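Letter by letter, the chains look like this.
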Amino acid sequence: MNRVRELVGASAAYRLGFDGAGIGVAVLDSGIDPQHPDLKGKIVYSYNYIGRNQDGSDDCGHGTHICGIIGGTGTASGGKYQGLAPGCHFVSMKVLDRMGNGNSRAVVEALHWLIDHGKEYDVRIINISMGSTAPQYSEKSGLLEAVEDAWDAGFIVCAAAGNQGPGRSSITVPGTSPRVITVGSSDDNQVVRVMGKRKANYSGRGPTLSCVCKPDVVAPGAYIVSCNAWWRKPGTGAYATKSGTSMATPVVSGSLALLLSGRKDLTNKEVKILLSMSCRNLGLPQNQQGWGMICVPGLLGQGTELCPIRK
């Protein structure tokens, strides 16, 4: 995360006193470890949508890692692996099981709850670091409809492009929605382990089957060091390394939380327009990079040249 913060220019927000304070981020994932030193006290609400007799803690490790990227405090590392928006708070919606699997029904139910109650917890951003194979042609699934309902209700929805690349039209649902902010990996040229295999060029490419240009934006997703849900086990540390568009998506969510903590007046549509004009062009095809790599100084009107491009 020290590398990621530098690549996206997060210090530009910190210098202005923007750290995500007052911004709620709903994370639809495998839950969150509420006792992790970097996340303790940051969860204002949690619910388990896949097992009513269990709590919403993380038995997979994916959700805890995601939350560390968005807004971990870095307490266990003396600040080195701090997330992007350490002042934000979380609403945890457990929709994935211990194997990282889930179903659209649970996600739809969580989204409907957020539409009705999310603003009570100051939720502005919904992070969805998961995806499923797109339905054929332009048919709308219940998941797509729920995601678009959440966007229409005023929430910023950041969804992963998926790890099915590099083929054409390999964006996963709900990242295929034209409304949401779909996130790919800016560094998927690196060989990493995704979906149980070592692979490069995995980030989902557009256009969608409905001919919508996707992804919208890219962010670092390779070898991201963030919070480890298994930190209590002997021989394990407080942090773990994971890769994929699942990791790139919370980089965007955290960056937007920084922006909103200083500009709470912005609507989701205004944020998306601002994002479209402020990314760093990586010189890649549009169906791979969208507008380019997210750049916090650009979002703040300070120029994209302040975000370094590194191999």
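Above this text is the structure in question.
Bear in mind the structure is a predicted one, so any value in this text is a computation, not a measurement.

Colleague: Could you give me a rundown of the packing of helix α3 (residues 62-71) against helix α6 (residues 245-262), with the residues and numbers involved?
Modeller: In the contact formed by α3 and α6, the axes pass within 8 Å of each other and the chain directions differ by 35 degrees. As for the relative orientation of α3 and α6, their crossing is right-handed in sense. Contact residues: H62, H65, I66, I69 and I70 in α3; S246, M247, P250, V251, S253 and G254 in α6. Here the contact of α3 with α6 is built from residues that sort into 6 nonpolar, 5 polar and no charged.

Colleague: Could you give me a rundown of the sheet that holds strand β2 (residues 43-48), with the residues and numbers involved?
Modeller: Spatially, 7 strands are ordered β2-β3-β1-β4-β5-β6-β9 in an open sheet, and the strand pairing comes out parallel. For this open sheet the edge positions go to β2 and β9 (217-219), each flanked by a neighbour on one side alone. Averaged over neighbouring strand pairs, the angle between their axes works out to 25 degrees when direction is ignored. The pairing of strand β5 (residues 156-160) with strand β6 (residues 181-185) spans 3 bridges and is classified as parallel. Opposite A159, over in β6, you have T182 as the bridge partner. Strands in contact with helix α5 (residues 142-152) are β4 (123-128), β5 and β6; relative to β5, the strand with the most contacts, it is inclined by about 145 degrees.

Colleague: Please provide a residue-by-residue account of unusual backbone geometry, values included.
Modeller: For the bond from G165 to P166, the omega torsion is 10 degrees, close enough to zero to count as cis. The residue P166 is located in the loop between β5 and β6 in this model. Residue P207 is bonded to the preceding G206 through a cis peptide linkage, with omega at -5 degrees. Within the secondary structure, P207 is located in the loop between β8 (197-199) and β9. A positive phi angle is found at C211, which is not glycine, with a value near 65 degrees. In this fold, C211 is placed in the loop between β8 and β9. Located in the positive-phi region is Y223, a residue other than glycine, with phi close to 55 degrees. Relative to the assigned elements, Y223 resides in the loop between β9 and β10 (224-227).

What counts, and where the lines are drawn
- Residues numbered from 1 in each chain as written.
- Predicted model: local features only at pLDDT ≥ 70, side-chain atom pairs only at ≥ 80, totals over all residues.
- Heavy atoms only, no water.
- Axes fitted to C-alpha atoms, helices over the stretch in contact; angles between N-to-C directions.
- Helix = DSSP H or I, 4+ residues; strand = E, 2+ residues; numbered from the N terminus.
- Left-handed = near helix turned anticlockwise from the far one by under 90°.
- Contact = heavy atoms within 4.5 Å.
- Nonpolar A, V, L, I, M, F, W, Y, C, P; charged D, E, K, R; others polar.
- Pairing = 2+ DSSP bridges.

Geometric descriptors of this kind do not, in isolation, establish any biological role.
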